[in-house]
Amino acid sequence: MRIGELAARAGTTTRTLRYYESRGLLPARRTGNGYRTYDEDDVRLLEQIRTLQDFGFDLEETRPFLECLRSGHPEGDSCPASLAVYRRKLTELDALLGELNAVRAQVGAQLARAEAALEGGLGPRCEMTG
């Protein structure tokens, strides 16, 4: 299939496909007349990229998964390099969750302090507007 058809099937643009090609994520096969040509394996690579990016992986983090797919693993995540990326991403997500929980605790404490001040008559009353 040609680049336009691949873009349509993958729900992306030809510009994006050319970018992936320039980054070495999508193979650059050409016909005798210079047209780019793709197959079903390339559709699968693009599905993998999209899925991982939907999960918050950056483009470079998708590379081990794509290499795993190309080496014949049907899911792209059963290779050691893919597993290492999963582990790093989980560590990163755990850190973000810790930060969010800390911020949530601070906001909760501020809310409790503000409600206690309001109920205790500390400070002027504010009118609620809606």
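Structure shown above.
Residues numbered from 1 in each chain as written. Predicted model: local features only at pLDDT ≥ 70, side-chain atom pairs only at ≥ 80, totals over all residues. Heavy atoms only, no water.

Novice: How should I be thinking about the packing of aromatic side chains in this particular structure?
Specialist: To describe a pair of aromatic rings, one takes the distance between the centres and the angle between the planes. Evaluation of the coordinates by the stated rule reveals 4 aromatic pairs. Both rings, one in Phe-57 and one in Phe-65, keep their centres 5.9 Å apart while their planes meet at 85 degrees; by these two values the pair is edge-to-face. Pairing Phe-65 with Tyr-86 gives two aromatic rings, centres 5.0 Å apart and planes at 65 degrees, and the pair type is edge-to-face. With a gap of 21 residues between them, Phe-65 in helix 4 (residues 63–70) and Tyr-86 in helix 5 (residues 80–119) connect regions that are remote in the sequence. Counting every residue linked through ring pairs, the aromatic cluster contains Phe-57, Phe-65 and Tyr-86. Of note, Arg-2 hangs over the ring of Tyr-35, and the distance from its end group to the ring centre comes to 3.9 Å. A cation over an aromatic ring shows up here: Lys-89 above the ring of Phe-57, its NZ or CZ 5.1 Å from the ring centre. (Phe/Tyr/Trp six-rings, centres within 6.5 Å; stacked < 30°, edge-to-face > 60°. Helix = DSSP H or I, 4+ residues; strand = E, 2+ residues; numbered from the N terminus. Lys NZ or Arg CZ within 6 Å of the ring centre and 35° of its normal.)

Novice: Can you walk me through the packing of helix 1 (residues 3–10) against helix 2 (residues 14–22) in this structure?
Specialist: The axes of two packed helices give the description: the angle between them and the distance between them. Two elements in contact, helix 1 and helix 2, have axes whose closest approach is 9 Å; the angle formed by their N-to-C orientations is 105 degrees. The angle between helix 1 and helix 2 falls in the class roughly perpendicular. Contacts from Ile-3, Gly-4, Leu-6 and Ala-7 in helix 1 reach Thr-14, Leu-17 and Arg-18 in helix 2. Its residues assigned to classes, the contact of helix 1 with helix 2 comprises 4 nonpolar, 2 polar and 1 charged. (Axes fitted to C-alpha atoms, helices over the stretch in contact; angles between N-to-C directions. Parallel < 35°, antiparallel > 145°, perpendicular 65-115°, else oblique. Contact = heavy atoms within 4.5 Å. Nonpolar A, V, L, I, M, F, W, Y, C, P; charged D, E, K, R; others polar.)

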